[in-house]
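# Reading the structure
So the chains spell out like this:
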Amino acid sequence: MKILILEDEMHNYNVLRHMLEDLIPSALLIGPIPTVSETRQFFLSQSEADIIIADIQLNDGLSFDALSCAPDNIPVIFTTAHEEYALRAFEYNSLSYLLKPINEEQLHTALQKALRLFAANTITKGTSRNTISFHSLSKRNNKFRERFMVKTAKREKMIHVSGIRYFVSEQKNTYLKLLDNTSYPINISLEELALQLDPQRFMRVNRKFIVPLEQVTETERLSNGKEKLILKGDNPPEIIISRMRRNEVEEWIGK
């Protein structure tokens, strides 16, 4: 996934970059681009982006003047210190309008909206992956993924989601862990994966893990104030619930 950043102040860019690296570590960040003219050139040269995060006031004008050159299917998250542009922002495919200083939780919510559109566009275009068959997406009304095709040494193997213990991201790779503790690499990021799984059954509980509800036995409050998720079975992984997702995870378990 490519995220284009339009920003003319390096401090603001660095703050945003650190948040994005935490929220979407697999994303490729493009920029920062500080001017309207450079942004226009980016799009006129057929360069591509999946999401745009744009400050409104750039060095040589308003980013609106450059976004008129952007493809109309790219979601835009605006970041600004000025409230008066909010109405105009929605003329440019705006999903969210975040006031500076940016709140990480609000950014997370905005990115979730953008990622849903990104996943929909990806599936619509028929994008293929080396180790995953998107034919596993239901062709009926069920929009959530029920099975995966993974490659073994001799053949391809079909795995139903009911046999999955958890998904984990390690060293920029994603692995599918089964109930028998075998694992398989899958060529898809946790961000995209979370959008394809039924949110009633699966939850991304931190930047590394997606777990199925049926594998959760309890949560444990640690002495440092953090909260740990306990899974069924022997030798469960240590899963610390993300502070930002704690309320969401607790509500999900409660349901």
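Right above here is the structure, for reference.
In this report, the structure presented in the accompanying data block is examined.

## Considerations on the sheet that holds strand E17 (residues 239-240)
- The strand order across the open sheet built from three strands is E15-E16-E17, with neighbouring strands paired in antiparallel fashion. In this open sheet, the two edge strands, each paired with only one partner strand, are strand E15 (216-221) and E17.
- Direction of pairing for E15 relative to strand E16 (residues 227-231): antiparallel, over a ladder of five bridges. Looking at the pairing, Arg-221 lines up with Glu-227 of E16.

## Let's talk about the packing of aromatic side chains
- Going through the model one piece at a time under the given rule, you end up with five aromatic pairs.
- Ring geometry for Phe-148 versus Phe-167: centroids 5.6 Å apart, planes at 55 degrees, classification tilted. With a gap of 19 residues between them, Phe-148 in strand E8 (residues 147-151) and Phe-167 in strand E10 (residues 164-170) connect regions that are remote in the sequence.
- Each ring, one from Phe-167 and one from Phe-202, has its centre 6.1 Å from the other, and the planes form 55 degrees; the classification is tilted. Taken together, the residues span a long stretch of sequence, with Phe-167 in strand E10 and Phe-202 in strand E13 (residues 202-204) at a distance of 35 residues.

## Points about unusual backbone geometry
- Backbone torsion omega between Gly-31 and Pro-32 reads 10 degrees, so that peptide bond is classified as cis.
- Turning to its location among the elements, Pro-32 is positioned in strand E2 (residues 28-33).
- With an omega of 0 degrees, the peptide bond running from Lys-100 to Pro-101 counts as cis.
- Relative to the elements of secondary structure, Pro-101 occurs in the loop between strand E7 (94-99) and helix H5 (104-124).
- A positive phi angle is found at Gln-171, which is not glycine, with a value near 50 degrees.
- Within the element layout of this structure, Gln-171 appears in the loop between E10 and strand E11 (173-178).

## Topic: the nonpolar core
- With 22 residues, the main nonpolar core has Leu-4, Leu-6, Ile-52 and Phe-78 as its most contacted residues.
- Contributions of two or more residues to this core are made by strand E1 (2-6), helix H2 (36-44), strand E3 (51-55), helix H3 (64-67) and strand E6 (76-80).
- Those residues in contact with Leu-4 that sit more than four places away from it in its chain are Ile-30, Ile-33, Phe-42, Phe-43, Ala-49, Ile-51, Ile-52 and Ile-53.
- Judged by nonpolar contacts, the second largest core, of 20 residues, contains Tyr-13, Leu-98, Leu-111 and Ala-114.

Conventions and cut-offs
Along each chain, residue indices are assigned from 1 in the same order as the chain's sequence is written. Per-residue local features of the predicted model are confined to residues with pLDDT of at least 70, and side-chain atom pairs are confined, for both listing and counting, to 80 or more; whole-chain, interface and lining totals are unaffected and use all residues. For the side-chain quantities, the full set of heavy atoms in the structure was used; hydrogens and water were omitted. Two strands pair if DSSP finds at least two bridges between them. Per the convention used, a helix needs a DSSP run of H or I reaching at least four residues, while a strand needs a run of E reaching at least two, with both numbered from the N terminus. Between rings of Phe, Tyr and Trp, where Trp is taken as its six-membered ring, a pair exists when centres lie within 6.5 Å; planes separated by under 30 degrees are stacked, by over 60 edge-to-face, and by other angles tilted. We call a set of buried residues a nonpolar core when its members are Ala, Val, Leu, Ile, Met, Phe, Trp, Tyr or Cys and they connect through side-chain atoms within 4.5 Å of each other. The cut-offs for exposure are 20% and 50% of the maximum accessible area for each residue type, with area from a 1.4 Å probe on protein chains only; residues under the lower value are buried, those over the upper are exposed, and the others partly exposed. What makes two residues a contact is simply this: any of their non-hydrogen atoms within 4.5 Å.

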